[in-house]
Amino acid sequence: MLPAKILNVTDLNELQSFGSYLDLKNIIENQLGLKLKVKGWDSLFLKVKQLSEAVPKNKNKFFEL
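Anyway, here's the lowdown on the structure attached to this text. (Residues numbered from 1 in each chain as written. Predicted model: local features only at pLDDT ≥ 70, side-chain atom pairs only at ≥ 80, totals over all residues. Heavy atoms only, no water.)

### Structural notes on the side chain of Lys25
- Relative to the assigned elements, Lys25 resides in helix H3 (residues 21-32).
- Leaving out residues up to four positions away in the same chain, Lys25 has contacts with Leu36, Val38 and Leu44. (Helix = DSSP H or I, 4+ residues; strand = E, 2+ residues; numbered from the N terminus. Contact = heavy atoms within 4.5 Å.)

### Points about the packing of aromatic side chains
- A full pass over the atoms with the stated rule returns one aromatic pair.
- Relative to Trp41, the ring of Tyr21 has its centre 5.7 Å away and its plane inclined at 70 degrees; by these criteria the two rings are edge-to-face. Placement of the pair is Tyr21 in helix H3 and Trp41 in helix H4 (residues 41-57), with a sequence separation of 20 residues.
- On the basis of relative accessible area, Trp41 is assigned to the partly exposed category, the value being 22%. (Phe/Tyr/Trp six-rings, centres within 6.5 Å; stacked < 30°, edge-to-face > 60°. Buried < 20%, exposed > 50% of the residue type's maximum accessible area, 1.4 Å probe, protein only.)

### Notes on the pattern of salt bridges
- For the structure shown, the criterion picks out two salt bridges.
- The residue Glu29 makes a salt bridge to Lys25 at a minimum N-O spacing of 3.2 Å. Here Glu29 and its partner Lys25 are both found in helix H3, four residues apart, which amounts to about one turn of the helix.
- The exposure class assigned to Lys25 is buried, which follows from its relative accessible area of 15%.
- With its nearest N and O atoms 3.9 Å apart, the salt bridge here joins Glu29 to Lys35.
- A cluster of three or more residues bridged by salt bridges with shared partners is formed by Lys25, Glu29 and Lys35. (Salt bridge = Lys/Arg side-chain N within 4 Å of Asp/Glu carboxyl O.)

### Some words on the environment of Ile6
- With respect to the helices and strands, Ile6 occurs in helix H1 (residues 4-7).
- The class of Ile6 is buried, set by a relative accessible area of 5%.
- Separated by 43 residues in sequence, Ile6 and Lys49 place their C-alpha atoms 9.4 Å apart.
- Once residues lying within four places of it in the same chain are set aside, the contact partners of Ile6 are Leu15, Phe18, Leu24, Ile28 and Val48.

### Structural notes on the nonpolar core
- Ranked by internal contacts, the top residues of the largest apolar core, which has 13 residues, are Ile6, Leu15, Ile28, Leu44 and Val48.
- If you list the elements that add at least two residues to this core, you get H1, H3 and H4.
- At four residues, the largest contribution of residues to this core is made by H4.
- Beyond its immediate chain neighbours, meaning those up to four positions away, Leu44 contacts Leu15, Tyr21, Leu24, Lys25, Ile28, Leu36 and Val38. (Core = buried A, V, L, I, M, F, W, Y, C linked by side-chain atoms within 4.5 Å.)

Quick look at the structure:
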């Protein structure tokens, strides 16, 4: 599962404080087992925000796997 700290970021600067773009992108992709199809910090931040909204709404589906 993704580290909660990453999913709970509130702005781009906070996301950047966790490390380099490529490191964070790789961590998230490896945890999810799929490609994010993002290019740059802005699209990575938007994808993290989407994930942070989708995971709680669908947590039962994640735990069924």
